[in-house]
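Listed below are the residues making up each chain.
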Amino acid sequence: MKFLVWGLGVSGRAAVELLRSKGFEVFAGDDKDGTDFREILPYVDTVVLSPGVPPSHPLWKEALRLGKEVIGELELAWRFFKGKAIAITGTDGKSTTTRLTYLMLKEAYANVEEGGNIGTPFSKIALENPNCLAVLEVSSFQGKTLKTFRPVGGAFLNFSEDHLDWHPDLEDYLRSKYNIFANQQEEDFLLLNGEQPAVRDTPTKARKIFFGNGFSARIERGRGVFEGVELFQVEKLKIPGKHNAYNALVASCIAYIMGVDLGVIKDILYSFKGLPYRLEYLGEIKGAKVYNDSKSTTPNSLRAALESFDNVILIAGGKDKGADFSSLKDLVKKKVKKAILIGQAKEKIASAWDSATQVELSRNLEEAFEKALSAAQRGDVILFSPGCASFDMFTDYKERGEVFKKIFQKYTVV
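The shown structure was predicted, so the numbers you read here are calculated from the model rather than taken from an experiment. (Residues numbered from 1 in each chain as written. Predicted model: local features only at pLDDT ≥ 70, side-chain atom pairs only at ≥ 80, totals over all residues. Heavy atoms only, no water.)

**Quick notes on the packing of aromatic side chains**
Now for step 1: Applying the stated rule across the entire model yields 18 aromatic pairs.
Now for step 2: Considering the side-chain rings of Phe-141 and Trp-166, the 4.3 Å spacing of their centres and the 15 degrees angle between planes classify their relative orientation as stacked. Placement of Phe-141 in helix H7 (residues 140-144) and of Trp-166 in the loop between strand S8 (153-156) and helix H8 (170-178) is noted, with a sequence separation of 25 residues between them.
Now for step 3: Aromatic ring contacts, followed pair by pair, group Trp-78, Phe-81, Phe-122 and Phe-149 into a single cluster. (Phe/Tyr/Trp six-rings, centres within 6.5 Å; stacked < 30°, edge-to-face > 60°. Helix = DSSP H or I, 4+ residues; strand = E, 2+ residues; numbered from the N terminus.)

**Description of the UniProt feature "binding site: ATP" (unreviewed entry) in the chain**
Now for step 1: Here the UniProt-annotated "binding site: ATP" (unreviewed entry) positions come out as Gly-90, Thr-91, Asp-92, Gly-93, Lys-94, Ser-95 and Thr-96. Taking the annotated residues in turn, Thr-91, Asp-92, Gly-93, Lys-94, Ser-95 and Thr-96 line the second largest pocket.
Now for step 2: Summarising the element assignment, Asp-92 is placed in the loop between strand S5 (84-89) and helix H5 (94-108).
Now for step 3: A residue is classified by how much of its surface remains accessible, and Asp-92, at 14% relative accessible area, is buried.
Now for step 4: Residues in contact with Asp-92, not counting those within four places in the same chain, are Leu-157, Asn-158, Ser-160, Thr-298, Asn-300 and Ser-301.
Now for step 5: Relative to the helices and strands, Gly-93 is located in the loop between S5 and H5.
Now for step 6: Here Gly-93 is in contact with Leu-157 and Asn-247, once residues within four sequence places are set aside. (UniProt positions renumbered as here; feature names shortened; annotations may be inferred. 1 Å grid on protein atoms, 1.4 Å probe; cavity = no way out; pocket = protein on both sides within 12 Å on 5 of 7 lines; lining within 4 Å. Buried < 20%, exposed > 50% of the residue type's maximum accessible area, 1.4 Å probe, protein only. Contact = heavy atoms within 4.5 Å.)

**Description of the pairing of strand S3 (residues 46-49)**
Now for step 1: The two faces of S3 match: Thr-46 and Val-48 on one face and Val-47 and Leu-49 on the other face are all buried.
Now for step 2: The sheet contact formed by strand S1 (residues 2-6) and S3 spans four bridges and is parallel. Within S3, the position partnered with Val-5 by the bridge is Val-48.
Now for step 3: The parallel pair S3 and strand S4 (residues 69-72), bridged by helix H3 (residues 58-65), forms a crossover whose chirality is right-handed. (Pairing = 2+ DSSP bridges. Right-handed = clockwise from strand over helix to strand, strands pointing away.)

**Some thoughts on unusual backbone geometry**
Now for step 1: Of note in the backbone geometry, Tyr-277 takes a positive phi value of approximately 70 degrees without being a glycine.
Now for step 2: Relative to the helices and strands, Tyr-277 is located in the loop between helix H11 (262-271) and strand S14 (280-285).
Now for step 3: For Tyr-277, a relative accessible area of 11% translates into the label buried.
Now for step 4: Positive phi is not limited to glycine here, since Ser-355 has a value of about 75 degrees.

Shown next as C-alpha cells:
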C-alpha cells in the first residue's frame, strides 16, 4: 500500500514518520515546495491530508475523481493506535477543556497523553505511545475525514458560524463535527450543549449527557453540578468568564465519569490559570487591566470575552472569514466604551457596529494599543480579542498574541 501525505506542517511530518516506521512507501509534498501531486497521485492508494488542506483543493478533488481514499492525519493515526481516546470539539473552548480534562485524567491514570489539534499530533502519540489514553482536541477539519475513529467519551461544546473559508457551507461544518462521534457505541458517553439544538441533536449511539441551564450538568448558585454532585465553586476558578465556567464543568464531568476523585478535580480547577492567548491576564497599566485573547478567531469567542467584563476598551479585527459581526451590536453597546479596529475586516466590523459605541480604525496593533491606552481610565479593561483570523497580518494567533505581549511589555517597562 502506498501513501501520499500532503501538507508538511507538524501533523504532516508526524504522519510521514508514522507510516515509514510501519514499512509503507510514502510520498510527501506541500503546496509551498513545488511538488506536483498529479505526477504522484496515480501511483498511491491513500491520500493523507493535513488539516489545513480544504475540500476545494485540487488534490482533494482529483483524488476523489480517481477513486483514491482520502483521509486526514488523525484518522491515519487511529488506524495504528491501540489505546482509548477522549475527543473534545466545538467552535470555541476546545483547547481549555482539553487541557483541563488531560490534567485531571493524568492524576488518575498511569498513561495519558494530550494531543490532536492542540500540542502533539495524534500520529506522534500513535507511534511513541500507542496504548495510552489520549485526550484529543478535534477540529472540524480533522472531523471531516474521519472514517473509523471511535472515542470512548467526548464533548461537543458549542456550535456557531465559522470556517466558511474552508468548509463549503455551514451544514458541512456541522456534519464534520458530527462525524467525530459517528462510530461511538452504547457503552460510550458524550457531553452535549443542551442549549443548542444543533449540538443536542448530534447523531450518536453513545449515552448523551446534556449540560447547560436546567440539565443534569449545569452551573447553579455559583456551583458546577453534575447529577446532584457539586464538582466545584465558580468563584474559586482563576479563569474568568461564564464560558470558562462551562469549560471547567465539561472537563470535570468527563473526569468524574471516568472515576477521578472529586478532590483531584477541584485541585486542578482551582490552580489552573488558563492557556496563553485565551483571556490571558497580562497586568495593569494606568489602572486598567489588560487581557490578551488572541485565540479569539470568531465572533462567538469575542462574545464570550465581552460577556466576561464591563467598561471595555476593545481591540478587534483581522482576516475576515465571512462571519457576521452585527449579532454582537447590542452586546458591544452594553460592554464596550470604545472599539479600536485593525486588519482586513475593520471596515466591515465598523459598519456592523455603527452607533453601538465609539469606533476608531488603526493601521496596526501597536497603534491600536496606543489608542486604547489613551482612552483607558482606572477600572477599565483593555481587551485584545480579535474575533477574526490572524493571517492578514500574522503567521497565526500565537504570533499575534506574542506581538501583543511585547507591545504591552514595552509600555510597562519602568
